[in-house]
Amino acid sequence: MSENKKKIIFIVNPISGTQSKELVLSLLDEKIDKEMYTWEIVYTKRAGHAIEIAADAADSHTDIVVAVGGDGTINEVVSGIAPLKKRPQMAVIPTGTTNDFARALKIPRGNYPLRLWKRISTASSNFNGSA
């Protein structure tokens, strides 16, 4: 089944907000079905880096890009995949200070990886891959 595994990349802004990104990621790591998914965690190093990471992820046929950070991180990830013809699905784990984007979309804040993972896995199993 390894050829059919869906690929996920978590793009993490290590300095956004005060929430524990490591706790969220470790709890997700416990719940990700390793038979169905492969994943990678990449930490941003500078402003604009998430744009590059997201675009590269899409070019390497990543199925799901997860922005882990605040509004700036989300904006950069969207900017990295929006201009592409074939875009991966995107998810958000809001760990920023204000999280206006997540609040507007009613995405819960805090350490909620089990609910998030249920949403990601359900959406990805229903996703046919066409953008």
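Above: the structure in question.
The following paragraphs examine the structure supplied in this document.

## Here we look at helix α1 (residues 21–31)
Link 1 in the chain: Burial in α1 covers these residues: Lys 21, Val 24, Leu 25 and Leu 28. Projected down its long axis, α1 carries its buried residues within an arc of 95 degrees, all on one side.

## Topic: the sheet that holds strand β4 (residues 89–94)
Link 1 in the chain: Strand order in this open sheet of four strands is β2-β1-β3-β4, and the pairing throughout is parallel. The open sheet has two edge strands with one neighbour each: β2 (37–43) and β4. Direction aside, neighbouring strands of the sheet carry axes that sit 20 degrees apart on average.
Link 2 in the chain: Where strand β1 (residues 6–12) and strand β3 (residues 64–69) come together, five bridges link them in parallel fashion. What sits directly across from Val 12, in β3, is Val 68.
Link 3 in the chain: Along the sheet, helix α3 (residues 71–81) contacts β1, β3 and β4; its crossing angle with β3, the most-contacted strand, is approximately 155 degrees.

Quick notes on the rules
- Residues numbered from 1 in each chain as written.
- Predicted model: local features only at pLDDT ≥ 70, side-chain atom pairs only at ≥ 80, totals over all residues.
- Heavy atoms only, no water.
- Buried < 20%, exposed > 50% of the residue type's maximum accessible area, 1.4 Å probe, protein only.
- Helix = DSSP H or I, 4+ residues; strand = E, 2+ residues; numbered from the N terminus.
- Arc of directions from axis to C-beta.
- Pairing = 2+ DSSP bridges.
- Axes fitted to C-alpha atoms, helices over the stretch in contact; angles between N-to-C directions.
- Contact = heavy atoms within 4.5 Å.

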